[in-house]
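# Summary of structural features
Listed below, chain by chain, are the residues.
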Amino acid sequence: EDEFIKQNIPRAAIWEQLAEELGEMMHHAQKCARALRKENPTPCEVQDEVLEAEKELGDVLNCIRLLDLHHDETEMKVKMIRWWHRVKTEQESER
């Protein structure tokens, strides 16, 4: 299946598909945040938006696989530590 798609869909079109799917996932993430916060009412339910985001994630991951994109576990760890440090620093400054 992957090879068939790669042979019949130009790489640039797969990048466009990835951007579209990321945009759809972002839309559901924003709806989920609004439903959680309840600051800006939305008729959407959190659990529905989570399910929709997960569906979009499948499309995103398919595009990533077709583009042969890979992540670096070390880089992910560095980013998580950086994020942890920012949160910890913020919490400490609030005390």
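Read on for a plain summary of the structure. None of the values given here were measured: they were computed from a predicted structure.

Rules used throughout
Residues numbered from 1 in each chain as written. Predicted model: local features only at pLDDT ≥ 70, side-chain atom pairs only at ≥ 80, totals over all residues. Heavy atoms only, no water. Helix = DSSP H or I, 4+ residues; strand = E, 2+ residues; numbered from the N terminus. Buried < 20%, exposed > 50% of the residue type's maximum accessible area, 1.4 Å probe, protein only. Areas by Shrake-Rupley, 256 points an atom, 1.4 Å probe, with all protein chains shown as cover. Patch = residues over 30% accessible without salt bridge, like charges linked within 9 Å, V, L, I, M, F, W, Y side chains within 5 Å. Salt bridge = Lys/Arg side-chain N within 4 Å of Asp/Glu carboxyl O. 1 Å grid on protein atoms, 1.4 Å probe; cavity = no way out; pocket = protein on both sides within 12 Å on 5 of 7 lines; lining within 4 Å. Points joined across faces, edges and corners; volume = space filled by probe spheres on them. Nonpolar A, V, L, I, M, F, W, Y, C, P; charged D, E, K, R; others polar.

This next bit is on the overall build of the protein. If you tally the helices and strands in the protein, you get four helices and zero strands. For the protein, the C-alpha atoms occupy an extent of roughly 60 × 40 × 20 Å along the three principal directions. Looking at the protein residue by residue over its 95 residues, the buried ones come to 16%. Approximately 7,800 Å² of the protein is accessible, and the part contributed by carbon and sulfur atoms is 58%.

It is worth spelling out a nonpolar patch on the surface at this point. A surface patch of nonpolar side chains, amounting to about 280 Å² of accessible area, comprises Phe4, Ile5 and Ile9. Within the element layout of this structure, Ile9 appears in the loop between helix H1 (2-8) and helix H2 (11-37).

The next thing to look at is the layout of surface pockets. Its boundaries defined by the atoms lining it, the largest pocket holds a volume of some 150 Å³. Per element, the largest residue contribution to the lining of the largest pocket is five residues, and it comes from helix H3 (residues 46-66). Residues of the lining of the largest pocket, tallied by class, amount to four nonpolar, two polar and five charged.

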